[in-house]
Amino acid sequence: MRPLRYSINVTLDGCCDHRAMPADEELHRHAVENLERADALLFGRVIYQMMEAAFRPAASTEPRPGWTDPFARTIDAAKKYVVSSTLAQVEWNAQLLHGDLGTAVEQLKQQPGKGLFTGGVQLPMALAQLGLIDEYEFVVHPRLVGHGPTLFAGLSKYVDLELVDRVEFGSGAVAMRYVPRR
């Protein structure tokens, strides 16, 4: 069974707004390594559209630093599954998931391969509620921003986690990887 891995950048005060986090080459290399551990990406509409606007070659209009190119190439090439009740179609090597979320994700996990990778806020909340995330990674940035959004607000039950890895970056950010205690 393919594991479903989740990774998110978050500030010390819990903000996970991507605009609040400083990006650098080392963190982008780490993100590429994460993506390379998966056969496919699982996105909600918001993350799918954000990533497509920033990293799809035909769609990207904003100049970006050259050190983001490996990340852009990796995410561009990846197979993507999109969960959305509002999108009628998707492009960019993507396919809409239909039907019950739990059933659809379980079917994806049953397929052979290295794994699935997800990010964002709303979809991972639903996946955590269903007990479908096999690994959580929080990249905690040494910054206080004083606003949201925050992670897992409204989670209906505890998810106890066990630390399995930790990586410190030159920026002071720390990536902590956890697995659910079963």
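Report follows, based on the coordinates. (Residues numbered from 1 in each chain as written. Predicted model: local features only at pLDDT ≥ 70, side-chain atom pairs only at ≥ 80, totals over all residues. Heavy atoms only, no water.)

Considerations on the packing of helix α1 (residues 25-35) against helix α3 (residues 69-77)
Stated precisely, the cut-off is as follows: For helices, the fitted axis covers only the stretch in contact; all axes are lines through C-alpha atoms, and the angles between them, taken along N-to-C directions, range from 0 to 180 degrees. What counts as a helix is a DSSP run of H or I of at least four residues, what counts as a strand is a run of E of at least two, and both are numbered from the N terminus. Geometric relationships in this document are graded by angle, where less than 35 degrees denotes roughly parallel, more than 145 denotes roughly antiparallel, 65 to 115 denotes roughly perpendicular, and other angles denote oblique. The handedness criterion is simple: a crossing whose near helix is rotated anticlockwise from the far helix by less than a right angle is left-handed, and one whose near helix is rotated clockwise is right-handed. It only takes one pair of heavy atoms within 4.5 Å for two residues to be counted as in contact. Only Asp, Glu, Lys and Arg are considered charged in this grouping, and only Ala, Val, Leu, Ile, Met, Phe, Trp, Tyr, Cys and Pro are considered nonpolar; every other residue, Gly among them, is considered polar.
Two elements in contact, α1 and α3, have axes whose closest approach is 9 Å; the angle formed by their N-to-C orientations is 20°. Judged by the angle between their axes, α1 and α3 are roughly parallel. The interaxial crossing formed by α1 with α3 has left-handed handedness. Contacts between α1 and α3 pair His28, Ala31, Val32 and Leu35 from the former with Pro70, Phe71, Thr74 and Ile75 from the latter. The residue inventory of the contact of α1 with α3, partitioned by class, reads six nonpolar, two polar and no charged.

A look at unusual backbone geometry
One can expect most non-glycine residues to show negative phi and most peptide bonds to be in trans. So the rule is basically this: Burial classes: relative accessible area under 20% of the type maximum marks a residue as buried, over 50% as exposed, and values in between as partly exposed (1.4 Å probe, protein chains only).
Here Gly148 and Pro149 are connected by a cis peptide whose omega angle stands at 10°. Inspection of the secondary structure assignment puts Pro149 in the loop between β6 (135-141) and β7 (161-168). A positive phi angle is found at Asn93, which is not glycine, with a value near 55°. Although it is not a glycine, Phe152 sits at a positive phi angle of roughly 55°. For Phe152, a relative accessible area of 18% puts it in the buried group.

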